[in-house]
Amino acid sequence: LGDALRQNTTLEVLNLSDNAIRDDGANALANGLQKDISNVVVLDVSRNGIALHIENRINVVLENKKIQSQLRKNFIDTLNSKSKKTFWNRSRVMFVGQARAGKSSLVRSFLDEAFQEGWDSTIGVQISETESVATKGHWTKTDKDENASEFAARIIMLESTFPQAEIVEENKIKEKKSSRFKFPGRASKSKSSSKPPSSNTEIRTAEGNITSAESTDATPEPKEEKITREFNQSLLTHFGRNDLILSLWDFGGQSVFYAMHHIFLTKTGIYIMVFDMRELLNLSAQADALSYVAFWLKSIRLHAPDAAVLIVGTFADEIQERKEIAAINNALLGFMGGDFPQVVRNNVENLTFFSIDNQSGTGIRALRKKVEDTARNDARMTGKEVSMQHIVLLDKILSMRKNSDFVTFDDVKAVASTVGIRGHEALEQALTLFHERGLLIYLTSTETLRNIIIIQPQWLIDALAKVIRDGGLHRFDATEIEKRGLTDDLKMTFESGVTTRDFLEYVWGKEHWAFFLDLMERTMLLSEWKFKHEQVFLIPSVLHQDYQGEKNGLRCIFDFSRSFLPNGVFQRMICLLVAHSSRSYQKSGEMAILERPKLFKNFASVDFEPGFRIKVYEDTKLQHFYLLVDDNSLTKSNRSLIVIQSMLRKINSDIMGNGLSWEIFLEDCTTGEMTRYDRAREKCLSPWFEDIIQTPGPVSTENVDLISFLDSL
């Protein structure tokens, strides 16, 4: 009978009085009752000569089942609730910094994984889902695709009239006298009854009276329900630990990846900016090291001005003296000033950074705790209440990963309606929440991008990193490339930034290459290159040669020095210029006189249209962006200015979250002096503003599809 109870789904009342049951049999019955699947709530084992402590054990099991039955009802009600909400203990941690600074090793240190001396540099971004167990003080990797059960358990334990402490652990019950429940005399001639779940849970007492509770069994869930809706005591235990889920994003440090990174840096979460302390102490390398620190702090401020930032210095065991730590701290404070209030201070050591060593583990435990504390105290992440509806929707979306790596907005809309989320705005809010927490990628700059939701972020990142990478450092299998006949294609890709369809089909697969091509075009990471029968594709991020020639022409300066000119803006400008030029060539036909663009890492000369050339140049040290107008193109000066203004605004709105700001200075062709844009416009400075009345402004960019934007130019 004990074994049978483990499989029981219908039996509720069982009368076993006067059956000569002894202690071994009674223990087996108790073991069977303990299984969550057993529905028995009334068990009569009177007049069997069972030891008192075993009677107590059965009593405790029945009492716990009553409590858990009520909790299970609350659990199902909570899962189906449209109004209940609580805090979601989940955050996103992004590791950024210079290449080889120790970001990946820090992630491994946080996970208590062994230090690896020759660890390969990160390609693109590597994502790890981790769970921080508060009571154990360490992080472990997790791959959960189901969140609703634990979230519902959290809600019901906060609301429940049956506190977790009341669930009695039977193994702590010793020889104790039964007080609350006693076993009855024979209640009926029937030995058992099998029936559907009743509306009341009954526990018979020795006095013969009956204790009743409200129905604890909810209407059965539909068989097609995809979400796990199991409830057991382990969920309560999990809630009690107050665990924290952290999505760790380890960003590759090579500059070739920076243009791609802008897609994945979120407004909320925690940023860990990693630097090599040895380089800040090396006078010959200090300037470059500080420039990388400044670059990343400004990049974070651009995308996430309110997100917490922890600055972490590595190789602590090689820094011998306290005065060296002080020197590093002073160097950081020297350029930071009060410009980065979101930086989390190391109050224990009175420093603006945290020093650690990945090889020995120095400082890791303290830093890990600081990251946890920062996450738990983040009002915009773990401190923000999330509805049960959103979490159920999330699980339904994640369940789609079994069949696809991405879904459409309409797909998600149909699923959302089944959990009571209706309306475009409500669904967008839910998807944005999941994007910020690192569970999917939802880009919102244009209607086309909003229609695609990437539900496997690592899949997208790995695909982009197949073509946006350091060709010399992150190599392909040369034997396989030669076998496929792609040796020249590979060389051209990483030497000139121009690649072929054959190469893209090889790295992405024929099934998905068109999807990734379209996505990269719409995020301005790639453009078509159609000149003189060439049908190839440009990837400006991999251009690596600096332009050393003359930079002649009438100057227009876009000055970012008071704010920040991040990597990726100039590359996207090249994308837009070449994309428009290719479209012009196609529209004009074979007779079009369009030269092949001249492209470098920091310079581009592009025939925008027949008879209309645009030259642009980037000076990263001055944080300037130059438009250069040739003498034979002076009549197009105003048009050139409008094109570049419009493109910068498009990049700002679609990729940079409108965080860019700049000033414009225009050169006077007669005096050579630079004049502010507003003053130049006011005095109709030639040739920039020949006719102020007929001079149009920049074209509209907000929520405009890329193709429509290019056509409007």
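The preceding data block contains the structure.
Below is a summary of the structure that appears in this document. (Residues numbered from 1 in each chain as written. Predicted model: local features only at pLDDT ≥ 70, side-chain atom pairs only at ≥ 80, totals over all residues. Heavy atoms only, no water.)

**Quick look at the overall build of the chain**
Okay, step 1: Across its full length, the chain holds 24 helices and 27 strands.
Okay, step 2: Here the chain, with 713 residues, has 54% of them falling under the buried criterion.
Okay, step 3: The long-range fraction of contacts in the chain, counting pairs at least 24 apart against all pairs at least 6 apart in sequence, stands at 76%.
Okay, step 4: Roughly 32300 Å² of accessible area belongs to the chain as shown, and the carbon and sulfur atoms make up 47% of that amount. (Helix = DSSP H or I, 4+ residues; strand = E, 2+ residues; numbered from the N terminus. Buried < 20%, exposed > 50% of the residue type's maximum accessible area, 1.4 Å probe, protein only. Contact = heavy atoms within 4.5 Å. Areas by Shrake-Rupley, 256 points an atom, 1.4 Å probe, with all protein chains shown as cover.)

**Side note on the sheet that holds strand β12 (residues 308–314)**
Neighbouring strands of a sheet are bound in pairs by backbone hydrogen bonds; such pairs are parallel or else antiparallel.
Okay, step 1: Within the open sheet, the 7 strands sit side by side as β6-β5-β10-β4-β11-β12-β13. Their pairing is mixed. The sheet is open, and its two borders are formed by β6 (138–141) and β13 (354–355), each paired with just one other strand.
Okay, step 2: Of the pairings in the sheet, the one linking strand β4 (residues 90–97) to strand β11 (residues 270–276) comprises 5 bridges and is parallel in character. Note that in β11 the partner of M94 across the bridge is Y271.
Okay, step 3: Here helix α11 (residues 364–376) sits on the sheet and contacts β4, β5 (125–133), β6, β10 (244–251), β11, β12 and β13; the angle it forms with β12, its principal contact strand, is near 175°. (Pairing = 2+ DSSP bridges. Axes fitted to C-alpha atoms, helices over the stretch in contact; angles between N-to-C directions.)

**Remarks on the pairing of strand β21 (residues 554–559)**
Okay, step 1: Taken across its 6 residues, β21 has 5 buried, putting it largely inside the fold.
Okay, step 2: Across 6 bridges, β21 lies against strand β25 (residues 624–629) in antiparallel orientation. The residue of β25 that forms the bridge with C556 is L627.
Okay, step 3: As judged from the 4 bridges shared by β21 and strand β26 (residues 663–667), these two strands associate in the antiparallel manner. Bridge assignment links I557 to a residue of β26, and that residue is F665.

**Focus on the environment of E129**
Okay, step 1: Looking at where E129 falls in the secondary structure, it is placed in strand β5.
Okay, step 2: If we ignore the near neighbours within four places in the chain, the residues touching E129 are R90, T140, K141, T142, I245, L246, S247 and G438.
Okay, step 3: There is a polar contact of 2.8 Å between the side chain of E129 and the side chain of S247. (Polar contact = N/O pair within 3.5 Å; in protein donor to acceptor, adjacent residues only side chain to side chain.)

**Comments concerning the side chain of S128**
Okay, step 1: Within the element layout of this structure, S128 appears in strand β5.
Okay, step 2: By relative accessible area, which is 15% here, S128 ends up buried.
Okay, step 3: Look past the residues within four positions of S128 in its chain and what remains in contact with it is V107, K141, L246, S247 and L248.

**Concerning the nonpolar core**
Okay, step 1: Ranked by size, the top nonpolar core spans 71 residues in total, and within it F264, F275, L332 and W508 carry the most contacts.
Okay, step 2: No other element matches the 7 residues that helix α9 (residues 283–303) contributes to this core.
Okay, step 3: In this view, F264 contacts R92, M94, V125, W249, F251, I441, L460, I461 and L464; residues no more than four positions away in its chain are not counted.
Okay, step 4: Of all hydrophobic cores here, the second largest spans 52 residues; its members include V498, L576, M647 and F709. (Core = buried A, V, L, I, M, F, W, Y, C linked by side-chain atoms within 4.5 Å.)

**Quick notes on the pattern of salt bridges**
Okay, step 1: Tallied over the full model, the rule gives 27 salt bridges.
Okay, step 2: With a closest N to O distance of 2.8 Å, R639 and E609 form a salt bridge. With R639 in helix α22 (residues 637–654) and E609 in strand β23 (residues 603–609), this residue pair connects regions lying 30 residues apart in the sequence.
Okay, step 3: Across the pair E663 and R676 runs a salt bridge whose closest N-O atoms are separated by 2.6 Å. In this pair, E663 is assigned in strand β26 and R676 in strand β27 (residues 674–676), connecting sequence segments 13 residues apart.
Okay, step 4: Taken together, the shared-partner salt bridges connect R108, E113 and K141 into one network. (Salt bridge = Lys/Arg side-chain N within 4 Å of Asp/Glu carboxyl O.)

**Some details on the sheet that holds β25**
Okay, step 1: Strand order in the open sheet made by the 7 strands is β22-β23-β24-β25-β21-β26-β27, with antiparallel pairing throughout. At either margin of the open sheet sits one strand with a lone partner, and together these are β22 (598–599) and β27.
Okay, step 2: Examined bridge by bridge, β22 and β23 share 2 bridges and lie antiparallel to one another. Looking across to β23, one finds that L599 is bridged to A604.
Okay, step 3: Packing of α22 onto the sheet brings it into contact with β21, β23, β24 (612–619), β25 and β26, and relative to β24 it is tilted by some 50°.

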